[in-house]
Structure formats: C-alpha cells, structure tokens
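Secondary and tertiary structure notes
Okay, here's what each chain looks like letter by letter:
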Amino acid sequence: MLARAGVGKGVQRAGLLLMLAANAPDVDIVSWFGGSLTYLEYHRWFTHSIAAIPLMAVLAAAITRLFVRGPFPWLWASGAACVGVASHLLLDWTNVYGIRLLLPFSPEWLRLDITPIVDIWIWILFAVAIAAPALARLVSSEIGGKPGTGRGWAVFALLALFVYEGGRYMAHGRAVAMLDGEMYDGSSPVRTAAFATFVNPMMWRGVVETSNSWRVYDVNLAHTFNPAEGEILYKAETSVATVAASRSPVVQQFMSFSSFQLWRTTPVAEPEGGTEVDIYDLRFGDPRQPGFMASAVVNAPGTVGRSSFTFGRPAAR
C-alpha cells in the first residue's frame with residue numbers, strides 16, 4: 001500500500017523494497033530455534049528499535065538491488081525503506097505485546113494496548129484494498145479500458161488505518177476510564193489496564209490490581225460496567241518458594257517482559273515438601289486459560305530444581 005500510494009516513487013521494484021522493509025524487523029524470528037525463552041528474550045529486540053531503522057532499511061535495499069538491472073538510487077531507496085520499517089514499528093507499538101523502541105539505550109517495553117497482536121480488521125481492510133484494484137483491472141481488460149494503478153485504494157487504506165487506530169485509541173481510553181472510575185472492596189484500584197480483544201473493537205479485557213488481588217473483566221463499551229461481575233484472582237503470599245523462584249533466570253527474564261503478573265503456588269509431591277510456583281501474564285491469559293507463563297519448582301530448603309517458560313498451557317508433567 002505504501003508503494004502504491006507513492007512512497008519510493010522512481011525506485012525500481014518499490015513494492016518489493018517496501019514489503020521487505022516492512023517485514024525486516026521480524027528477522028529476529030530466527031531466535032525461535034533457540035526455544036521459547038530465547039524467543040521471548042530476542043523477539044522485538046534490537047531489530048525493532050528506532051536505532052535499527054537505518055540498518056533494516058539498507059538490508060531491504062540491498063536485497064532489492066539483486067532484482068534490479070541498471071542504476072539503483074541507494075539513498076532514495078533507503079529513505080523509502082525507512083518508511084516501511086517505521087510502519088512495522090508503529091503497528092507493533094499499538095498492540096498488547098509491546099516493543100522495545102529505545103534499545104540499546106533503554107530496555108523498557110512500550111505499548112499502547114489498543115490492538116490485539118493479530119488484528120482481523122486491519123487484515124480485512126488491506127485485503128479489500130488489494131482485491132478491489134485487481135477486480136477493477138479484470139473488468140477493464142474485459143471492456144478494453146485502461147487499468148488503474150490502485151493508488152486511490154492504497155491511499156484510502158492507509159487513511160482508513162489511521163482512522164481505525166484513532167478510534168481504537170479513544171475506545172481504549174474509555175475502557176480504562178470505566179475501570180478507574182470504580183471502587184473495589186471500598187478502595188481505589190492500585191492500577192488498571194484494558195487490552196484489545198480479537199474480534200469486537202467494543203470488547204476489552206479489563207485488568208484491575210488491588211492490594212491483595214487481581215480482577216479480570218470483559219468490558220463492553222456498549223454496556224454499563226459492573227465491578228461486581230469480574231473474576232477475582234487473589235495474589236500469592238510472599239514465601240520462601242516465591243522468593244527463590246523470583247531469583248531463577250527464567251523467571252527473571254519473564255518478569256522483565258510481563259508487567260501484570262499473577263503468582264500462584266501449589267504443593268507438589270516431588271521433590272518432597274516442594275512447591276510449584278506459576279506466574280501468569282494477565283494480558284494473555286489466567287490459570288483457567290493460560291497464555292504466557294513461567295513456572296519454577298522449588299524444594300523445601302528453597303532451591304529451584306527446574307524452571308520453564310511457555311506461550312500457552314504447559315505440557316503435563
């Protein structure tokens with residue numbers, strides 16, 4: 001869409017250039033081969049930072065150059081590719097996973113929480129913007145008319161994306177305000193958050209932290225919010241097991257990523273007197289439907305025997 005709208009105009013294979021650039025940051029997907037914890041550590045890492053935009057852009061330009069004959073405007077192509085890379089970072093910034101835009105200067109995860117990791121409406125919008133010009137060209141060829149370039153649809157899609165994201169931003173603010181405006185067990189919340197759901201832009205996953213619990217809600221902006229209808233998840237008390245688990249490298253890596261952590265402790269038969277400590281990221285799930293979670297098994301003296309990280313329900317032990 002960027003290429004059809006005119007970004008990179010005058011560069012041969014501008015469509016290829018911008019597709020490569022807009023996907024270049026995800027080259028870090030190779031970290032998946034190191035296992036789930038390695039992927040958690042390095043996905044949306046340096047390749048997703050502002051500092052890496054020129055490097056990713058030049059990489060996309062270099063690959064495109066292989067498919068171009070004749071002179072190649074490196075500077076102009078790299079500038080256009082920077083726009084493609086930036087589009088990737090901006091879209092990642094909007095969703096609930098987050099992005100480390102400020103590496104290597106700051107490891108902080110930044111996110112707007114206004115879209116899910118995969119947004120079906122954005123996919124539909126751009127699918128229509130691709131299909132419509134293709135259908136128009138087919139009709140033109142049948143009647144002998146001049147085929148269009150698809151630029152109008154591209155500009156429409158990009159503007160519609162901007163409007164959609166703006167609407168999501170305002171809806172998110174409304175959902176957070178609804179959560180903030182209530183009392184929970186007679187007290188104001190410690191903090192609140194609202195996370196986008198997969199299909200309905202009016203539905204949000206609300207998370208409220210109180211002094212001794214987390215509360216999880218399905219927040220429908222079209223309905224009145226009732227703070228008594230949420231699921232209450234009580235926090236685990238600090239113990240030898242939780243302190244030991246928090247020192248595990250696996251759990252520390254998970255904690256650096258997760259900002260809404262529910263801790264649960266469960267006695268286990270092996271080792272004798274041991275405790276399993278599970279930490280859930282409430283952005284993606286809870287004990288009933290686990291999403292991202294870390295686990296550690298701690299023996300009676302307080303030594304971590306094993307630990308793990310999973311993106312979903314762990315395999316039965």
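As a starting point, this report considers the structure included with it.

Next up on the list: the sheet that holds strand E2 (residues 203-209). Taking strand neighbours across the sheet as the criterion, the four strands line up as E1-E2-E3-E4 in an open arrangement whose pairing is antiparallel. Edge positions in the sheet fall to strand E1 (191-196) and strand E4 (231-234), since each has one partner strand and no second. Taking the axes of each pair of neighbouring strands and ignoring which way they run, one obtains an average angle of 20° across the sheet. Bridge count between strand E3 (residues 213-220) and E4: four bridges; the pairing is antiparallel.

Turning our attention to the side chain of threonine 94. For threonine 94, the location among the structural elements is in helix H5 (residues 74-94). Looking at threonine 94, its side chain comes within polar contact range of the side chain of threonine 115, at 2.9 Å. Aside from chain neighbours lying at most four places away, what touches threonine 94 is Leu112, Asp113, Ile114, Thr115 and Glu165.

Time to look at the nonpolar core. Within the largest apolar cluster, 19 residues are counted, with the highest numbers of intra-cluster contacts made by Leu17, Phe72, Ala81 and Val85. At the level of elements, helix H2 (14-23), helix H4 (53-65) and H5 are the ones that each hand at least two residues to this core. Beyond its immediate stretch of four places on either side in the chain, leucine 17 contacts Val11, Ala60, Ala61, Thr64, Ala77, Ala80 and Ala81. Listed in part, the 18 residues of the second largest apolar core include Val277, Phe292, Ala296 and Phe309.

Here we have four strands laid out as an open sheet, ordered E5-E6-E7-E8, and antiparallel in their pairing. Taken across any chain shown, the strands that pair with only one partner, and hence form the sheet edges, are strand E5 (261-268) and strand E8 (304-310). Neighbour-to-neighbour, the strand axes of the sheet open up by a mean angle of 15°, direction not taken into account. Note: strand E6 (residues 274-281) against strand E7 (residues 293-298), six bridges, orientation antiparallel. Within E7, the residue paired with threonine 275 across the bridge is valine 298.

The next point concerns the pairing of E5. As paired strands, E5 and E6 are joined by eight bridges and run antiparallel to one another. Looking across to E6, one finds that leucine 262 is bridged to tyrosine 280. Between E5 and E6, which follow one another and run antiparallel, lie five residues, and glycine 273 among them has a positive phi close to 75°.

Ring pairs (aromatic) are described by centroid distance and by the angle formed between their planes. Using the criterion set out here, one finds 22 aromatic pairs in the structure. Clustering of aromatic rings is evident, with ring pairs tying together Trp32, Tyr39, Tyr97, Trp109, Phe254, Phe257, Phe284, Phe292, Phe309 and Phe311. Sitting over the ring of tryptophan 204, arginine 168 keeps its end group 5.4 Å from the ring centre. Note that arginine 283 overlies the ring of phenylalanine 257, its terminal NZ or CZ placed 4.6 Å from the centroid.

Let's shift gears to the pairing of E8. With six bridges joining them, E7 and E8 adopt antiparallel strand pairing. Each bridged residue has a counterpart across the sheet, and for valine 297 the counterpart in E8 is arginine 306. Between the end of E7 and the start of E8, which pair antiparallel, lie five residues, with glycine 302 showing a positive phi angle near 100°.

Time to look at unusual backbone geometry. Cis rather than trans, the peptide bond between leucine 103 and proline 104 has omega equal to 0°. Within the secondary structure layout, proline 104 lies in the loop between H5 and helix H6 (120-143). In the segment running from glutamate 270 into proline 271, the intervening peptide bond is cis, with an omega of 0°. For proline 271, the location among the structural elements is in the loop between E5 and E6. In the Ramachandran plot, aspartate 113 falls in the positive-phi region, its phi being about 65° despite a non-glycine side chain. Residue class for aspartate 113 comes out buried when judged on its relative accessible area of 8%.

About the thresholds
- Residues numbered from 1 in each chain as written.
- Predicted model: local features only at pLDDT ≥ 70, side-chain atom pairs only at ≥ 80, totals over all residues.
- Heavy atoms only, no water.
- Pairing = 2+ DSSP bridges.
- Helix = DSSP H or I, 4+ residues; strand = E, 2+ residues; numbered from the N terminus.
- Axes fitted to C-alpha atoms, helices over the stretch in contact; angles between N-to-C directions.
- Polar contact = N/O pair within 3.5 Å; in protein donor to acceptor, adjacent residues only side chain to side chain.
- Contact = heavy atoms within 4.5 Å.
- Core = buried A, V, L, I, M, F, W, Y, C linked by side-chain atoms within 4.5 Å.
- Buried < 20%, exposed > 50% of the residue type's maximum accessible area, 1.4 Å probe, protein only.
- Phe/Tyr/Trp six-rings, centres within 6.5 Å; stacked < 30°, edge-to-face > 60°.
- Lys NZ or Arg CZ within 6 Å of the ring centre and 35° of its normal.

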